[in-house]
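Inside the fold
Each chain, letter by letter, is given below.
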Amino acid sequence: MLRNTPQQVARLLLAVLIAATASLAQDFKKQVIYQIVTDRFFDGDKANDNPPQSAGMFDPTKNNWRLYWGGDLAGIEQKLAYLKGMGITAIWISPPVDNLNVIIPDRSGSPTAPYHGYHARDFKRIEEHFGDSGNSWTAFDSLTRAAHRNGIKIIVDFAPNHTNTRNAGEFGALYDDGKFLADYNHDPNGFFHHNPNIGDYNDRYQLQYNTLFDLADLNQENPTIDAYLKAAIKQLEAHGADGFRVDAVKHVTWGWEYSLVNAAYTYAPTFLFGEWMESLSDPLFHDSYKFANRSGMSLLDYPLYGAIREVFGGGGDFSKIDQTLSVENAGFARPNDLVTFVDNHDQPRLLSVGSDDNRLNESLAFLLTCRGIPVIYYGDEQHLHNDTRGGGDPYDRNPMTSFDTTTTAYRLIKQLAALRQSNDALAYGGFHERWMNQDVYVFERQFFNDTVLVAINKSNSSDYRIDGLLTALPAGNYPDYLNRLLGGVALTVPSGNGGGSHPVSSFTLPAHSVAVWQAAGSAPGPQVGSIGPAVGQPGLRVTLAGRGFGSGVGPGFGKVFFGPTAAAIVSWSDSSVAFAVPRVLSGAYSVELMDSRHSRSNPMPFTVLTGELVPVTFTVNNAPQTRAGDYIFLTGDTVELGNWGTTFDTAVGPMLAPHEPNWFIVASVPAGVTIRFKFLRIAADGSVTREGGSDHTYTVLASGTGSVSVDWQH
Ligand code: NOJ
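Residues numbered from 1 in each chain as written. Predicted model: local features only at pLDDT ≥ 70, side-chain atom pairs only at ≥ 80, totals over all residues. Heavy atoms only, no water.

1. Remarks on the packing of helix α12 (residues 357-369) against helix α13 (residues 408-422)
With their axes 10 Å apart at the nearest point, α12 and α13 run at an angle of 15° to one another. One finds that α12 runs roughly parallel with respect to α13. Of the two elements, α12 crosses α13, and the hand of that crossing is right-handed. Side by side, α12 and α13 meet where N361, L364, A365, L368 and T369 of the first sit next to T408, A409, L412, I413, L416 and R420 of the second. In the contact of α12 with α13, the residues fall into seven nonpolar, three polar and one charged. (Axes fitted to C-alpha atoms, helices over the stretch in contact; angles between N-to-C directions. Helix = DSSP H or I, 4+ residues; strand = E, 2+ residues; numbered from the N terminus. Parallel < 35°, antiparallel > 145°, perpendicular 65-115°, else oblique. Left-handed = near helix turned anticlockwise from the far one by under 90°. Contact = heavy atoms within 4.5 Å. Nonpolar A, V, L, I, M, F, W, Y, C, P; charged D, E, K, R; others polar.)

2. Description of the pattern of salt bridges
On inspection of all chains with the given rule, the structure shows 31 salt bridges. Across the pair K46 and D43 runs a salt bridge, and its minimum N-O distance is 3.4 Å. Across the pair E275 and R245 runs a salt bridge whose closest N-O atoms are separated by 3.5 Å. Of this pair, E275 sits in the loop between β14 (272-274) and α9 (285-295) while R245 sits in strand β13 (residues 243-246), and the two are 30 residues apart along the sequence. For R245, a relative accessible area of 1% corresponds to the buried category. (Salt bridge = Lys/Arg side-chain N within 4 Å of Asp/Glu carboxyl O. Buried < 20%, exposed > 50% of the residue type's maximum accessible area, 1.4 Å probe, protein only.)

3. Observations regarding the nonpolar core
Generally speaking, a soluble globular protein has its nonpolar side chains buried in company with each other. Residues Y34, I91, F123, I321, F366 and F562 are the most contacted members of the largest nonpolar core, which totals 161 residues. If we skip the residues at most four places from it in the chain, F562 touches A567, F579, V581, P582, V584, Y589, V591, F606 and V608. In this structure, V616, I632, L634 and M655 belong to the second largest nonpolar core, which totals 22 residues. (Core = buried A, V, L, I, M, F, W, Y, C linked by side-chain atoms within 4.5 Å.)

4. A few points about the sheet that holds strand β31 (residues 559-562)
The strand order across the open sheet formed by five strands is β29-β36-β35-β31-β32, and the pairing between neighbours is mixed. The open sheet has two free edges, formed respectively by β29 (535-536) and β32 (565-566), since each of these has just one partner strand. Examined bridge by bridge, β29 and strand β36 (residues 604-608) share two bridges and lie parallel to one another. When the sheet's bridge partners are listed, G536 is paired in β36 with V608. (Pairing = 2+ DSSP bridges.)

5. Remarks on the site of the ligand
Taken together, Y118, H162, R245, D247, E275, H345, D346 and R397 make up all the residues around the ligand. Within the side chain of H162, one N or O atom sits 3.2 Å away from an oxygen atom of the ligand. Against a free-state accessible area of 290 Å², the protein chains account for coverage of 88% of the ligand. Among the residues forming the shell around the ligand, the class breakdown is one nonpolar, two polar and five charged. (Near = heavy atom within 4 Å. Polar contact = N/O pair within 3.5 Å; in protein donor to acceptor, adjacent residues only side chain to side chain. Areas by Shrake-Rupley, 256 points an atom, 1.4 Å probe, with all protein chains shown as cover.)

6. Focus on the packing of aromatic side chains
On inspection of all chains with the given rule, the structure shows 48 aromatic pairs. When the centroid spacing of 5.5 Å and the interplanar angle of 70° are considered together, the rings of Y175 and F180 count as edge-to-face. Taking relative accessible area as the criterion, Y175 reaches 17% and is therefore assigned buried. Look at Y441 and F443: their rings are 5.4 Å apart centre to centre, the planes differ by 45°, and that puts the pair in the tilted class. Using a relative accessible area of 0% as the deciding quantity, one classes Y441 as buried. Relative accessible area serves as the criterion here: at 0%, F443 is assigned to the buried category. Chaining the aromatic ring pairs together yields one cluster made of Y34, F41, F42, Y82, Y377, Y378, F403 and Y410. Lying across the ring of Y175, R121 places its NZ or CZ 4.4 Å from the centre. A cation over a ring is seen here: K290 above F648, with NZ or CZ 5.0 Å from the ring centre. (Phe/Tyr/Trp six-rings, centres within 6.5 Å; stacked < 30°, edge-to-face > 60°. Lys NZ or Arg CZ within 6 Å of the ring centre and 35° of its normal.)

7. Re the domain arrangement of the protein chain
Partitioning the protein chain into domains gives domain 1 (30-423), domain 2 (428-519), domain 3 (527-608) and domain 4 (613-711). Of note, the centres of domain 1 and domain 2, computed from C-alpha atoms alone, are 34 Å apart. Counting residues at the interface gives 31 residues for domain 1 and 31 residues for domain 2. Between domain 1 and domain 2, the buried area comes to about 2,500 Å², and carbon and sulfur atoms account for 63% of it. Scanning the region where domain 1 abuts domain 2 turns up zero salt bridges. Counting across the domain 1 and domain 2 interface gives 15 residue pairs in polar contact (both at pLDDT 80 or more). If you list the elements that add at least two residues to the side of domain 1 that touches domain 2, you get α10 (302-313), α11 (318-331), α12 and α13. (Domains from an automatic or database assignment. Buried area = accessible area lost by both parts, 1.4 Å probe.)

8. Brief notes about helix α8 (residues 254-267)
Since there are 3.6 residues in each turn of an α-helix, residues three or four apart along the chain are aligned in direction. In a regular helix each residue adds 1.5 Å, so 14 residues correspond to 20 Å; α8 covers 20 Å between its end C-alpha atoms and thus fits that length. With respect to burial, α8 is a largely interior element, 12 of its 14 residues being buried. (Expected span 1.5 Å × (residues − 1).)

9. Considering the confidence of the model for the protein chain
Close inspection of predicted coordinates is inappropriate in any region flagged by low pLDDT. Per-chain confidence: the protein chain averages 95 in pLDDT, with 96% of residues scoring 70 or above. Here helix α1 (residues 6-22) stands out as the element of the protein chain with the lowest mean pLDDT, 43, in contrast to strand β1 (residues 33-35), whose mean of 99 is the highest. Note that residues 6-24 has pLDDT below 50 and, in this model, 18 contacts with residues that lie over four places away or in other chains. (pLDDT = per-residue confidence, 0-100.)

10. Description of unusual backbone geometry
Put simply, G653 and P654 share a cis peptide bond, and its omega is 0°. Here the residue pair E660 and P661 is connected by a cis peptide bond, since its omega of 15° sits within 30 degrees of zero. Among the secondary structure elements, P661 is positioned in the loop between β39 (656-659) and β40 (662-670). The backbone phi angle of H598 is positive, close to 70°, even though this residue is not glycine. The topology assignment puts H598 in the loop between β35 (587-594) and β36. Accessibility expressed as a relative area gives 51% for H598, which makes it exposed.

11. Here's the deal with α12
Helix length check: α12 (13 residues) gives 19 Å between terminal C-alpha atoms against 18 Å at 1.5 Å per residue, within 8%. Among the 13 residues that make up α12, 11 are buried, leaving the element largely enclosed by the rest of the structure.

12. Brief notes about the side chain of T270
Structurally, T270 is set in the loop between α8 and β14. Take T270: its relative accessible area is 2%, and that puts it in the buried class. Among the polar contacts listed, one links the side chain of T270 to the backbone oxygen of D242, at a separation of 3.0 Å.

13. Description of the packing of helix α7 (residues 223-238) against α8
In the contact formed by α7 and α8, the axes pass within 10 Å of each other and the chain directions differ by 35°. Helix-helix and strand crossings are classified by hand; for α7 and α8 the assignment is right-handed. Residues D226, L229, K230, I233, K234, E237 and A238 of α7 form the contact with α8, whose own contacting residues are W256, S259, L260, A263, A264 and Y267. Residue composition of the contact of α7 with α8, by class: eight nonpolar, one polar and four charged.

In structure tokens, the structure reads:
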């Protein structure tokens, strides 16, 4: 009798796991995400409270906010019904991987532990306080399975920038599934960057290569670390993680991250969004949307968060939010993929900064109807906050004290999460400001003939009369979709108005109220609202989401076109079609879906890569002199290198020059391909100096990492 080898059995199991996961992955635009600090949510397993290998890091009295308090993966699993009842469809958990085991005293001598999960020691095992003292995957697997049974996705916080503190505790020690690899003081193979802490947060080199808060900074260009981190993210996918919040992406090597995204998407359908802390006035704002647009990794929407704070937390004017949205929507190619939030674990909760329950509810109503994928920070639905020392870290990582399903916020989230499923304008629609003053914001979302109109009055005392409002809603009477939960009123659009903008009858919007009016139409043909991922090589599995796709069979068969070339279809339903990227030339495409009756959809932009990506460090020595604001860039003959582009947005860069006149940058380029490239200087005034001579060439390895160094040719 033939027997399977253990490796074959493992591969089979992996395939089954991925298949189970894949059905739930993709189209995150329809999700409502709930962010949990695992340690603070619910203690579902007392046996892991004080595990032997890290004994003493648990504080049962809950007095020391920097020790573990007992919450775990089992606790999240036990509260799935509560979350599902609120309409939550995805849960973002703290980094679940094995963290530092040694207590580190803080400046006042009081003990601290990595209850938050950001001080990893082994990315291939589960933290004993969250799972079990064997650091096994049992609790994680159980959670993902239970979540999937409830139609809920699991998003893992993945922190590839660093391990743990380099100058105390375990000195940054890194393990590979239990095997010691290195620590900061014993690093013969260069697994860490050995640089000072970041001093200048506007310096691109320091951000990526210096150290964040003394956390041992991983050298992602090292082939062992590159392979390790990619194996770790794939292992999480194999165990059912549906998506990733990538920690501190501004501090990881940006060019390397393109290959991380590519590796994760190539392994299984997923969704990645990164934490890039910024505001609109940040000098690196342009770098952030270039990164999101080209890497295919979406971002947490920090600029909008800042505006929400000012408007709902302070006395700010709604124009602040409106301007932020206009600027971001012009820069980000896929604004509906941005991940939006009003609170998180790094900032004082809105309720700690001058807001009140009314304002918090209004901000949540805004978040759940604005463009982007909303995240609810755990406990906001219970109006949880602790204002000690302003309510910042760690007082924003509160213990969850109640699971009341009758609060106004819980009911509001439930109602608007349902609308996200029933009216495609929220997930896929455009965003238009319709009426605004300092206290009132009326905006509309529209996707073909699905429309949602939202009116918010955040004033404590002033009712406002709204005259001259226009809407895309067809003539009719519209009750408040929230059933007056936040004091909303009804709306009338008189008959007899043609065109896309109908005048609305004047009405009064009471102080502290939110009204939502909506109409969902039918789709006469295929209407696509989402493509995910939006960047990838031939063979990669991609999903189109929307509606009116039909069954795919009929007089003809449904097809997906890249120009004249049809893609191989993997699955087809009325609202979702999965396909493999066809073997077409790399470059920018408008993907179109054709249903079985030959009706074509609206086009969706997609960038076809030349191949799977491998990170390569490009160095050019003795580049021409630069003045403030001038930078050296890399350009070349593949889409990954910008197809010989010579602008900030098309070329690769700005390159980094810790030792001018030598510049370097990591770029992820197609595996196994011989690339041609050159360097150029883009001056602050936009003028371009191209390198002379013939093109440089380099053959990229089939896997691993690479490097190439040349002299500037005059
Ligand atoms: C950002 C995380 O959100 C924060 O909580 C953490 O301490 C740092 N990154 C470092 O991982």
